[in-house]
Amino acid sequence: MSDKKLQKILDYEPEALTLRDLVRLRSSNGSKPLYIIRDEVLTYADADVRSNEVANKPLELGVQKGDVVATLMYNSVFQALVWFGCAKIGAVYAPLNVSLRKDDLAYSLNDTDAKIFIIDEELAPAYNVCQENLNISPQLYVYGAVSAITSGNAHPHDDLYSGNSALPDVQVNPNDPLTITYTGGSTSMPKGVLATNLS
């Protein structure tokens, strides 16, 4: 056997068919940085463990496989962990466009039927304005100061780190929904595009 073929065998890694499996497999990269966002660094190993915490807390709160967790946030390590956490439990991650305002934001959030909504403190004014047009009542978490939300019961995002760090015992399949991405809505209201792990 040639050295090239032997190296190919040694370098072989099992194929990940879901984001859940990919995060777990890549944790073997240990302390190498996966994300560097602003001044925050998320390593491959931490992404796996910390996303388990972010996954297990929604399970404790009653979020089930197929339920939606929506965000209105600028890029951050926490937002990445929310996405990975959703993937760990088969929840559908719906990152709403940060430029959405009033009617478009209310429409999109209503359309998600989210069980949990996480909002960046800086974007709270947009949410405060659209609240009167919401017909859903997701559990609300704020990335930043909870006081930015003018009405309703909001929680600090740190509460979502309080789950167990073990991998959640949920069966996630390649064809399960993974994300909902909303179109720009330039000609009509934004439309949600559902993607699976294989999309």
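Residues numbered from 1 in each chain as written. Predicted model: local features only at pLDDT ≥ 70, side-chain atom pairs only at ≥ 80, totals over all residues. Heavy atoms only, no water.

Trainee: Which residues make up the pairing of strand β3 (residues 68-72), and what are the values?
Mentor: Along β3, 5 of the 5 residues are buried, which leaves the element largely enclosed by surrounding structure. The two faces of β3 match: V68, A70 and L72 on one face and V69 and T71 on the other face are all buried. Sheet analysis places β3 next to strand β4 (residues 92-95), joined by 4 bridges and oriented parallel. Following the sheet pairing, A70 is matched in β4 by A94. With helix α4 (residues 77-89) bridging β3 and its parallel neighbour β4, the resulting β-α-β unit is right-handed. (Buried < 20%, exposed > 50% of the residue type's maximum accessible area, 1.4 Å probe, protein only. Helix = DSSP H or I, 4+ residues; strand = E, 2+ residues; numbered from the N terminus. Pairing = 2+ DSSP bridges. Right-handed = clockwise from strand over helix to strand, strands pointing away.)

Trainee: Give me the packing of helix α3 (residues 44-60) against α4: which residues, what numbers.
Mentor: One way to put it is that α3 packs onto α4 with a least axis distance of 7 Å and a crossing angle of 65°. In terms of axis orientation, α3 runs roughly perpendicular to α4. Of the two possible hands of crossing, α3 and α4 adopt the one that is right-handed. The segment α3 lies against α4, with A47, D48, R50, S51, N52, V54, A55, P58 and L59 engaging V77, F78, L81, V82, F84, G85, K88 and I89. Along the lines of polarity and charge, the residues of the contact of α3 with α4 split into 11 nonpolar, 3 polar and 3 charged. (Axes fitted to C-alpha atoms, helices over the stretch in contact; angles between N-to-C directions. Parallel < 35°, antiparallel > 145°, perpendicular 65-115°, else oblique. Left-handed = near helix turned anticlockwise from the far one by under 90°. Contact = heavy atoms within 4.5 Å. Nonpolar A, V, L, I, M, F, W, Y, C, P; charged D, E, K, R; others polar.)

Trainee: Any details on the pattern of salt bridges? Residues and values, ideally.
Mentor: It is possible for side chains bearing opposite charge to pair when their charged atoms get close. Scanning the entire structure with this criterion turns up 4 salt bridges. One salt bridge in this structure joins D48 and K88, with 2.9 Å as the shortest N-O distance. Taken together, the positions of D48 in helix α3 and K88 in helix α4 put the pair 40 residues apart, joining distant regions of the chain. Like D48, the residue K88 is buried in the burial classification. A salt bridge links K57 to E60; its shortest N-O distance comes to 3.4 Å. Residue K57 and its partner E60 are located together in helix α3, separated by 3 residues, close to a single helical turn. (Salt bridge = Lys/Arg side-chain N within 4 Å of Asp/Glu carboxyl O.)

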